[in-house]
Amino acid sequence: MSNSDHQTIKVLGPASLSNLGPGFDTLGLCLKGVGDTIEARFSSTPGISITSSAKIPTKPEENTAGCASHLVMTKAGDKRGIHLKIKKGIPIGSGIGGSAASASAGAWATNLLLGKPFKKEELTYAVLEAERLASGGVLHGDNALPSLFGGLILTSPVNPLDYRRVNLSEDLHIAIVLPKQSILTADARTILPSAINRTDAIHNASDLVFMLHALVTGNYEAVAPYMMRDRIVEPARASLVPHYQDIREAGLEAGACAVALTGSGPAMFGISKDFKSTSKILDAMVAAAGEGAKGIITMADMDGVKEIESL
Ligand code: HSE
């Protein structure tokens, strides 16, 4: 049953880490309590209308939340207008999945407004298509799917609808540094090597499987070196982050199990098994990241997008 024409639904679309070192376009992890918030309601204005205090496109066909919402309405065969009020909790171009967070929040808020006709599994197409807007037309699910489902997501770049969701059995604490600059994913994809040699491919494949084993068994102390010696993507992007090497060293010295770039950066994260050392790791990474850097302390999240309050 659909919600009343006057109800407002409020949803948090979580931020996410992607790539995690050797897992380019194939691995992503949902983050707890950090994300974009969307308030959705039916509107007498036809189609999808968007307002936001952030500097983001508000035409629905240029906005990931608007695109996802439109696809859910089309799937439901419902022609009513929807209004989305977007609060960006994730800085634009930061590397922690802001476009995907808005996509999952837009899709889920619309679904709830319609009375929840669809399960999350039925919304994967909508969030993936919406995320395409932010990555120069490429379909990749390593931010959109973690934001939708929570947990650690393994996704296929060949067919992102082919994915697996993995629960982490042990708490994973995460310190994230957000350097001052912003990097657009579409731009950061153009600098990647178009061909790689066999040795690098073999090393990366090996590191990915060993890293996954360490993550899913909760053996976080064993995650480095596998997460930290990507030979293909991270070296090409490291030059986009002025203090990349300093941040890595500072995080490790402060006790992080591993430090890596997330997505196209410039954000970098350090992981830890215990909450107590996370603020020390964060302070060290922020101090190394230069003027204007900010930090976030969070954890892996197993729930994904969710309603936070109905007004
Ligand atoms: N896997 C994508 C990339 C994530 O690294 O380009 C973008 O956030």
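Look up a bit, the structure's there.
Residues numbered from 1 in each chain as written. Predicted model: local features only at pLDDT ≥ 70, side-chain atom pairs only at ≥ 80, totals over all residues. Heavy atoms only, no water.

Caption draft 1: A look at the site of the ligand. Close to the ligand lie Ser18, Asn19, Phe24, Asp25, His140, Asp142, Asn143, Thr185, Arg189, Arg237 and Gly263. Within the side chain of Asp25, one N or O atom sits 2.5 Å away from a nitrogen atom of the ligand. Summarising the interface, the protein chains cover 97% of the accessible area of the ligand, which totals 260 Å² for the free molecule. Classifying every residue of the shell around the ligand by side-chain character gives one nonpolar, six polar and four charged. (Near = heavy atom within 4 Å. Polar contact = N/O pair within 3.5 Å; in protein donor to acceptor, adjacent residues only side chain to side chain. Areas by Shrake-Rupley, 256 points an atom, 1.4 Å probe, with all protein chains shown as cover. Nonpolar A, V, L, I, M, F, W, Y, C, P; charged D, E, K, R; others polar.)

Caption draft 2: Looking closely at the nonpolar core. Counting 51 residues, the largest nonpolar core has Leu20, Ile96, Ile176 and Met227 as the members making the most contacts within it. Within the residue set of this core, elements represented by two or more residues are strand 1 (8–18), strand 2 (27–43), strand 7 (173–178), helix 6 (198–216), helix 8 (244–253), strand 8 (258–261), strand 9 (268–272) and helix 9 (275–288). Element by element, the count of residues in this core is highest for strand 7, at five residues. Sequence-distant contacts of Ile96, that is, excluding residues within four places in its chain, are made with Ala15, Ser16, Leu17, Val34, Ile90, Asn143, Ile176, Leu178, Thr262, Ala267 and Ile296. Core analysis: the second largest hydrophobic core is formed by 38 residues, Ala40, Ile48, Ala105 and Ala109 among them. (Core = buried A, V, L, I, M, F, W, Y, C linked by side-chain atoms within 4.5 Å. Buried < 20%, exposed > 50% of the residue type's maximum accessible area, 1.4 Å probe, protein only. Helix = DSSP H or I, 4+ residues; strand = E, 2+ residues; numbered from the N terminus. Contact = heavy atoms within 4.5 Å.)

Caption draft 3: Highlighting the packing of aromatic side chains. Counted according to the given criterion, the structure contains two aromatic pairs. Sitting over the ring of Trp108, Lys120 keeps its end group 5.4 Å from the ring centre. (Phe/Tyr/Trp six-rings, centres within 6.5 Å; stacked < 30°, edge-to-face > 60°. Lys NZ or Arg CZ within 6 Å of the ring centre and 35° of its normal.)

Caption draft 4: Representation of the environment of Met211. For Met211, the location among the structural elements is in helix 6. C-alpha of Met211 to C-alpha of Tyr226: the two residues are 15 residues apart in sequence and 5.4 Å apart in space. Sequence-distant contacts of Met211, defined by excluding residues within four places in its chain, comprise Leu20, Pro22, Leu27, Val223, Tyr226 and Met227.

Caption draft 5: Representation of the pairing of strand 7 within the structure. With respect to burial, strand 7 is a largely interior element, six of its six residues being buried. The alternating pattern of strand 7 places His173, Ala175 and Val177 on one face and Ile174, Ile176 and Leu178 on the opposite face, and all of these are buried. Sheet analysis places strand 7 next to strand 9, joined by five bridges and oriented antiparallel. Paired with His173 across the strands is Ser272, a residue of strand 9. In the sheet, strand 7 pairs with strand 10 (residues 294–299) via six bridges, with the strands oriented antiparallel. Paired with His173 across the bridge in strand 10 is Met299. (Pairing = 2+ DSSP bridges.)

Caption draft 6: How the structure looks around the pairing of strand 9. In terms of burial, strand 9 is largely enclosed, as five of its five residues are buried. Every second residue of strand 9 is oriented toward a common face, with Met268, Gly270 and Ser272 on one face and Phe269 and Ile271 on the other, all of them buried. Pairing geometry for strand 8 and strand 9, over four bridges, is antiparallel. Pairing of Ala258 across the sheet is with Ile271, part of strand 9. The hairpin turn running from strand 8 into strand 9, its antiparallel successor, is six residues long, and Gly263 in that turn takes a positive phi close to 55°.

Caption draft 7: Spotlight on helix 9. Over its 14 residues, helix 9 extends 21 Å from the first C-alpha to the last, a length consistent with the 20 Å expected when each residue adds 1.5 Å. Those residues of helix 9 that sit buried are Ser277, Thr278, Ile281, Leu282, Met285 and Ala288. Take helix 9 and look down its axis: the buried residues cluster within an arc of 145°, on one side only. Exposed positions of helix 9 whose direction lies more than 90 degrees from the buried face are Lys276, Lys280, Asp283 and Ala287. Turning to helix 9, the residues buried within the fold contact strand 7, helix 8, strand 8, strand 9 and strand 10. Backbone nitrogen of Lys276 and a side-chain oxygen of the N-cap are separated by 3.3 Å at the start of helix 9; the cap is Asp274. Following helix 9 by one or two positions, Gly290 adopts a phi angle in the positive range, close to 85°. (Expected span 1.5 Å × (residues − 1). Arc of directions from axis to C-beta.)

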